Amino acid sequence: MTTIEVIREFGRIDDKSRKTAEYIERRNPMQYETEYGADLLHWSDENLLDYLIHKLGFYKMFSLGNVISRYNAFYQYCVGQGYISVNPIANSKCFTSLYLMNEIIEAGNVPYYTREFICNRCREQGENAPYFLSITLSIYEGFKDYKTLSQIRYTDVDFERGTVRGKPGLCLSEELRENYRLLHEMEFYQAGKRRQFFDDSEDWLIRRLVANGKERSESRNVMRIISNAVQKIGLEQSVLYDSGLMMRLCDRMGKEELLAHMLYTDEISKWEKVNRNREMEKIFEELGIEISVKNFMYDYRIYALCLKHGLLAKKEGQGE
């Protein structure tokens, strides 16, 4: 049987297997079979590791762990059917957490934006800069996603205190507040040679652009428009948020204290881990961070390792 035939056969077992098979086929790892000198069924652990880290560019451990689990199920099926004798993932040192994180760091996969880099990208947009700065710095300073940001009204912001109604813990910089003001003073958005106007009928913080030939903005397109604006200047929402999150925690706790909480060894007691997590939970609540501490400690550990070894600044501007 060909590799594709085996993948599709595996996909007929149940719904979970179907989704895994569709994922594998959609990603098309078979395109690298010539490079690795073996078909997907007979890849070594090092081949699979290279594919996941160097070809797909994974860096978040949670996402990577899910994909490894999918391939593990597929290879286990292949062993059971007699197509191969060994599952390349089983008992391989390549897929231990520490080994994976070292490979990710060496591959340079961990993306990070400095505030200066973000602002420079936005200012390159000339008279439209306040629009881009209002979006990107909002995510960087703590709005988790475009949906949340798109639902905030101008009157929700306390411009004196830098707070936002309904968002306890968020503290907006003066630079961001000033760009909100400048955004609301803009007469139009210059889209090439065409002027695009704003729909201010509902006083949204991120003013909604009106499509050409329309009188009102279409709410169903708001997040897409915001997302397209960020992509236009070569930035990614997830990297904006993650970079800002690490910076806010460094500012609040100090670099060394943050690293002590995130990079503790297995030698500390269970109760010490619990106490450290509780301390982090209080800080997360104080800063309005809407991520569980447990998930943060697992998924962002890779950022802490880069921070410890001074590697984050070298990744400026990269994305996954």
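So, a few notes on the structure that sits alongside this text. Just so we're clear, the structure is a prediction, and the values are computed from it rather than from any experiment. (Residues numbered from 1 in each chain as written. Predicted model: local features only at pLDDT ≥ 70, side-chain atom pairs only at ≥ 80, totals over all residues. Heavy atoms only, no water.)

### Quick word on the overall build of the chain
Here is step 1 of the chain: Secondary structure summary: the chain contains 16 helices and six strands in total.
Here is step 2 of the chain: For the chain, the spread of C-alpha atoms along the principal axes amounts to about 70 × 55 × 35 Å.
Here is step 3 of the chain: Restricting to contacts in the chain with at least 6 residues of sequence separation, those with at least 24 account for 63%.
Here is step 4 of the chain: Looking at the chain as shown, the accessible area adds up to about 16,600 Å², and 46% of this sits on carbon and sulfur atoms.
Here is step 5 of the chain: Separation of charge centres in the chain, based on 45 positive and 49 negative side chains, amounts to 3 Å. (Helix = DSSP H or I, 4+ residues; strand = E, 2+ residues; numbered from the N terminus. Contact = heavy atoms within 4.5 Å. Areas by Shrake-Rupley, 256 points an atom, 1.4 Å probe, with all protein chains shown as cover. Lys, Arg positive; Asp, Glu negative; His and termini not counted. Charge placed at Lys NZ, Arg CZ, Asp CG, Glu CD.)

### Digging into the side chain of Thr 20
Here is step 1 of the chain: With respect to the secondary-structure elements, Thr 20 resides in helix H2 (residues 15-27).
Here is step 2 of the chain: The class of Thr 20 is buried, set by a relative accessible area of 6%.
Here is step 3 of the chain: Look past the residues within four positions of Thr 20 in its chain and what remains in contact with it is Phe 10 and Arg 70. (Buried < 20%, exposed > 50% of the residue type's maximum accessible area, 1.4 Å probe, protein only.)

### Quick word on the state of the cysteines
Here is step 1 of the chain: Here the structure, examined in full by the defined rule, presents zero disulfides.
Here is step 2 of the chain: In this model Cys 78 remains outside any disulfide bridge; the closest cysteine sulfur is found in Cys 94, 19 Å from its own.
Here is step 3 of the chain: Using a relative accessible area of 0% as the deciding quantity, one classes Cys 78 as buried.
Here is step 4 of the chain: Between Cys 171, a free cysteine, and Cys 119, which holds the nearest cysteine sulfur, the sulfur-to-sulfur gap is 16 Å. (Disulfide = S-S within 2.5 Å.)

### A closer look at the packing of aromatic side chains
Each aromatic ring pair is summarised here by two numbers: the centre-to-centre distance and the angle between the ring planes.
Here is step 1 of the chain: Scanning all chains against the criterion turns up 20 aromatic pairs.
Here is step 2 of the chain: Seen in terms of ring centroids, Tyr 154 and Phe 159 are 4.9 Å apart; in terms of plane orientation they differ by 40 degrees. Their pairing is tilted.
Here is step 3 of the chain: In this structure Tyr 154 comes out as partly exposed when scored by relative accessible area, which is 22%.
Here is step 4 of the chain: Exposure remark for Phe 159: the relative accessible area of 16% places this residue in the buried category.
Here is step 5 of the chain: Relative to Tyr 180, the ring of Phe 159 has its centre 6.4 Å away and its plane inclined at 85 degrees; by these criteria the two rings are edge-to-face. Taken together, the residues Phe 159 in the loop between strand E1 (157-158) and strand E2 (163-164) and Tyr 180 in helix H10 (residues 174-185) connect sequence positions 21 residues apart. (Phe/Tyr/Trp six-rings, centres within 6.5 Å; stacked < 30°, edge-to-face > 60°.)

### Some details on the pattern of salt bridges
Here is step 1 of the chain: In total, this model carries 20 salt bridges according to the counting rule given.
Here is step 2 of the chain: Put simply, Lys 60 and Asp 242 hold a salt bridge, and the shortest N to O gap is 3.0 Å. Separated by 182 residues along the polypeptide, Lys 60 in the loop between helix H4 (45-55) and helix H5 (61-81) and Asp 242 in helix H12 (residues 237-253) bring together distant segments of the chain. The same class applies to Lys 60 and to Asp 242, which are both buried.
Here is step 3 of the chain: In this structure, Glu 286 engages Arg 252 in a salt bridge whose closest nitrogen and oxygen atoms are separated by 2.8 Å. Taken as a pair, Glu 286 in helix H14 (residues 270-287) and Arg 252 in helix H12 lie far apart in primary sequence, 34 residues in all.
Here is step 4 of the chain: Among the residues examined, Glu 286 registers a relative accessible area of 42% and is labelled partly exposed.
Here is step 5 of the chain: According to the relative accessible area criterion, Arg 252 is partly exposed, its value standing at 37%. (Salt bridge = Lys/Arg side-chain N within 4 Å of Asp/Glu carboxyl O.)

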